[in-house]
Amino acid sequence: MENIKIIGGNLANMPWQDKPEGSVGPVWRHSENPIVKRNPAKGIARIFNSAVVAYEDRFIGVFRAETINGRPHLHMGESDDALNWTIDENRIEFIDEEGNPFQPRYAYDPRVVKVEDTFYIIWCTDFYGAAIGVAKTEDFKTFVRLENPFLPFNRNGVLFPRKINGNFMMLSRPSDSGHTPFGDVFLSESPDFVYWGKHRHVMSKGGDGWWQAVKIGGGPAPIETSEGWLMFYHGVTGTCNGLIYSMGAVILDLDEPSKVKYRSSNYILTPEEWYEERGFVNNVVFPCATLHDAQTGRIAIYYGAADTYVGVAYTTVEEIVNYIKDTNEVVGDDQEIGIM
Ligand code: BMA
């Protein structure tokens with residue numbers, strides 16, 4: 001078997017469980033899931049679709065918290081082991097670049113990505129409709145909200161963890177105003193995090209299988225590997241009882257990430273456990289973050305379950321990359337640069 005490696009830092013204290021005997025598929029669940037349960041802090045009914053990062057010698061979470069009036073906001077949490085969390089009952093207070101309060105009216109599905117010495121938070125915000133909101137912090141004490149990078153309607157903003165060819169790179173999923181079609185992933189780049197352009201098509205929904213037929217959306221920040229950028233994402237199918245969200249995996253070209261190198265034709269995780277099948281919205285698995293260790297190749301994937309809980313699943317870079325290559329299916333013109 002080839003020696004496939006994560007390119008990046010080590011994280012020996014990340015959560016980990018070995019693959020259980022008899023486990024099918026390239027990804028296995030943490031045995032104590034869900035790690036965040038209902039009513040996890042005063043005034044918060046549910047936490048799901050959330051971001052986790054290593055910071056100093058512990059872990060920080062930026063959580064999508066559905067407050068008890070039903071509106072989502074971002075709340076910070078801290079943990080020594082990235083499994084047991086203390087969640088702040090007060091939402092994150094954002095300021096603008098002049099230091100004035102600049103609160104989003106709502107905020108959901110955050111990703112947190114470190115580029116150089118800055119942590120960027122990307123979420124779905126209200127900008128006359130659902131759009132991408134961004135903020136930055138260096139210390140998780142002061143959060144500076146920046147101008148919205150893209151026009152509405154758009155969701156699932158995912159930043160790459162380093163500049164590529166000198167520019168920041170962000171995936172997003174433009175859409176219409178509802179939870180309906182127009183569900184492909186695009187890439188935009190920026191020299192300064194203010195002006196975004198050189199938009200490219202990355203991946204289409206669809207393919208031979210049905211699990212990602214309705215729409216797809218980027219997940220955690222892509223992981224740099226010796227084979228390309230490894231990205232987990234969500235794919236959605238429609239049924240007579242509504243939408244079902246599963247997790248997929250793709251490898252993008254390192255220098256031109258609008259080009260797909262390999263993409264698994266199968267989902268790698270789909271709602272099967274009670275906490276994924278049953279909740280505020282049934283049958284949702286929605287990945288937003290990973291922790292990973294270059295030394296061992298271990299990856300922990302954090303995902304929202306049934307719009308109610310946070311789950312963790314594990315894989316290794318060798319196992320998942322080989323699985324993607326073995327089940328590769330080119331969809332549409334994914335392997336093109338995507339400029340039309
Ligand atoms: C999407 C987003 C996600 C949510 C999913 C399933 O459109 O709103 O936050 O998990 O629907 O409800």
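- The name an unreviewed UniProt entry assigns to the protein is Glycosylase, from the organism Paenibacillus antarcticus.
- Recorded in UniProt under Sequence similarities (unreviewed entry), the annotation for the protein is "Belongs to the glycosyl hydrolase 130 family."

Some details on the environment of I301
- Summarising the element assignment, I301 is placed in strand β21 (residues 298-305).
- Classification of I301 by relative accessible area gives buried; the value is 0%.
- Taking the C-alpha atoms as reference, I301 lies 25 Å from A131; in sequence the two are 170 residues apart.

Here we look at the pattern of salt bridges
- Taken as a whole, this structure holds 13 salt bridges when the rule is applied.
- Put simply, R29, E272 and E276 are held in one network by salt bridges that share partners.

Looking at the sheet that holds strand β6 (residues 94-95)
- The mixed open sheet is built from five strands, whose spatial order is β6-β10-β9-β8-β7. Every interior strand has two partners, whereas the edge strands, β6 and β7 (107-115), have only one.
- In this structure, strand β9 (residues 130-137) lies alongside strand β10 (residues 143-145), joined through two bridges in antiparallel fashion. Bridging from a neighbouring strand, K136 pairs with V144 of β10.

What about the pairing of β21?
- The buried count for β21 comes to seven of eight residues, which makes it a mostly enclosed element.
- Sheet topology note: the strand β20 (residues 285-293)/β21 ladder contains eight bridges and is antiparallel. Residue pairing across strands places L291 opposite A300, the latter belonging to β21.
- The hairpin turn running from β20 into β21, its antiparallel successor, is four residues long, and G297 in that turn takes a positive phi close to 80 degrees.
- Here β21 runs beside strand β22 (residues 309-316); their pairing, made up of eight bridges, is antiparallel. Bridging from a neighbouring strand, A300 pairs with Y314 of β22.
- What sits between β21 and β22 in their antiparallel hairpin is a turn of three residues, with A306 showing a positive phi close to 55 degrees.

Thoughts on the sheet that holds strand β14 (residues 197-203)
- Spatially, four strands are ordered β11-β12-β13-β14 in an open sheet, and the strand pairing comes out antiparallel. Both edges of this open sheet fall to β11 (154-159) and β14, since each of them pairs with a single strand only. Within the sheet, the average angular offset between the axes of one strand and its neighbour, ignoring direction, is 30 degrees.
- Here strand β13 (residues 185-190) pairs with β14 via four bridges, running antiparallel. Residue pairing across strands places V185 opposite M203, the latter belonging to β14.

Quick word on the packing of aromatic side chains
- In this structure the tally under the stated criterion is 22 aromatic pairs.
- Look at Y55 and F119: their rings are 5.7 Å apart centre to centre, the planes differ by 75 degrees, and that puts the pair in the edge-to-face class. In this pair, Y55 is assigned in strand β2 (residues 44-55) and F119 in strand β8 (residues 118-126), connecting sequence segments 64 residues apart.
- For Y55, a relative accessible area of 12% gives the class buried.
- Using a relative accessible area of 4% as the deciding quantity, one classes F119 as buried.
- Arranged with centres 6.2 Å apart and planes meeting at 65 degrees, the rings of F140 and F143 form a pair that is edge-to-face.

Observations regarding the nonpolar core
- L230, F232, M247, I299, Y303 and I320 are the most contacted members of the largest nonpolar core, which totals 24 residues.
- Contributing elements (two or more residues each) for this core: β17 (228-239), β18 (242-252), β21, β22 and α2 (317-326).
- Excluding residues that lie within four positions of it along the chain, I320 makes contacts with P26, V27, L230, F232, A249, I268, I299 and T315.
- Residues L11, I35, A41 and Y314 belong to the second largest nonpolar core, which totals 23 residues.

Reading guide: rules and limits
- Residues numbered from 1 in each chain as written.
- Predicted model: local features only at pLDDT ≥ 70, side-chain atom pairs only at ≥ 80, totals over all residues.
- Heavy atoms only, no water.
- UniProt positions renumbered as here; feature names shortened; annotations may be inferred.
- Helix = DSSP H or I, 4+ residues; strand = E, 2+ residues; numbered from the N terminus.
- Buried < 20%, exposed > 50% of the residue type's maximum accessible area, 1.4 Å probe, protein only.
- Salt bridge = Lys/Arg side-chain N within 4 Å of Asp/Glu carboxyl O.
- Pairing = 2+ DSSP bridges.
- Axes fitted to C-alpha atoms, helices over the stretch in contact; angles between N-to-C directions.
- Phe/Tyr/Trp six-rings, centres within 6.5 Å; stacked < 30°, edge-to-face > 60°.
- Core = buried A, V, L, I, M, F, W, Y, C linked by side-chain atoms within 4.5 Å.
- Contact = heavy atoms within 4.5 Å.

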